Structure formats: C-alpha cells, structure tokens
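Commentary on secondary and tertiary structure
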Amino acid sequence: MKATEAKDCEEGRLAASWPILLTASAGILALLPISLEIFWGTMPFAVIGGLTAAIVLALLLLPAIPFLLTHRERRQAARLAMRSTPTRAGDDLRPALSRPEGMDHDE
C-alpha cells in the first residue's frame, strides 16, 4: 500500500470512528437504566454486550480488511510475475525435476 493510500485509509477510519462511537455509546447509556429493572431480565446486558462487540469489530476489524485484501492481491501478483518471467532468453518455465536426467533440451 502506498503512503498516500495508507494516510487516506487512516483519515477515513478516524472520520468514521466518531459517529460509530457516539451512536453506540448513546445506545449503551440508554440501556443502563433499563438494566437495573427486574422486569427486563438479562436482555439489556445482552444488547449492551452486542453494542460493545460491534464497536470493537467496526473500529478494529473492518478497517483492516481492505488492507489485507490489497496486500494479498499484490503478493499474489508479485509471485505470478516471478514465476512467469524467464531469467534468460530460451529458458524453459517448467521445473528441472520434470525433465529426464541428462536432457537439457526438448526433443
């Protein structure tokens, strides 16, 4: 990933983090008074746990996915380029082990 792409990703992640944090924290704070009542049981705690897990996933895992995908694609392209480029004119791309012993050329 180029330096400008990494910088853009970081700025986008920071810009998107505030709405996620504010929305989820408002939901968590709204559920705190309900969690103290016996009528609702464990439902508010489950929702609070779900919102907390969603915050962690949205802020840590989701920004990493595009980086991992582009890194994987570039690594695969580099491997393909290394395999398909002969080192000298006339080099065979097949591995040397597939040739019978003592034969340096195709018949």
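Below, the structure is looked at part by part. Treat the numbers as computed from the prediction; the structure is a model and nothing was measured.

Helices and strands together make up the secondary structure of the chain, namely two helices and zero strands. Relative to its full complement of 107 residues, the chain shows a buried share of 9%. For the chain, the proportion of contacts with a sequence separation of at least 24, taken over those separated by at least 6, is 49%. Accessible area for the chain stands at about 8,900 Å²; split by element, carbon and sulfur atoms hold 68% of it.

In the structure shown here, the tally under the stated rule is one aromatic pair. Judged by centre distance (5.3 Å) and plane angle (80°), the ring pair of Phe39 and Trp40 falls under edge-to-face. What makes Phe39 exposed here is its relative accessible area of 73%.

How each quantity is defined
- Residues numbered from 1 in each chain as written.
- Predicted model: local features only at pLDDT ≥ 70, side-chain atom pairs only at ≥ 80, totals over all residues.
- Heavy atoms only, no water.
- Helix = DSSP H or I, 4+ residues; strand = E, 2+ residues; numbered from the N terminus.
- Buried < 20%, exposed > 50% of the residue type's maximum accessible area, 1.4 Å probe, protein only.
- Contact = heavy atoms within 4.5 Å.
- Areas by Shrake-Rupley, 256 points an atom, 1.4 Å probe, with all protein chains shown as cover.
- Phe/Tyr/Trp six-rings, centres within 6.5 Å; stacked < 30°, edge-to-face > 60°.

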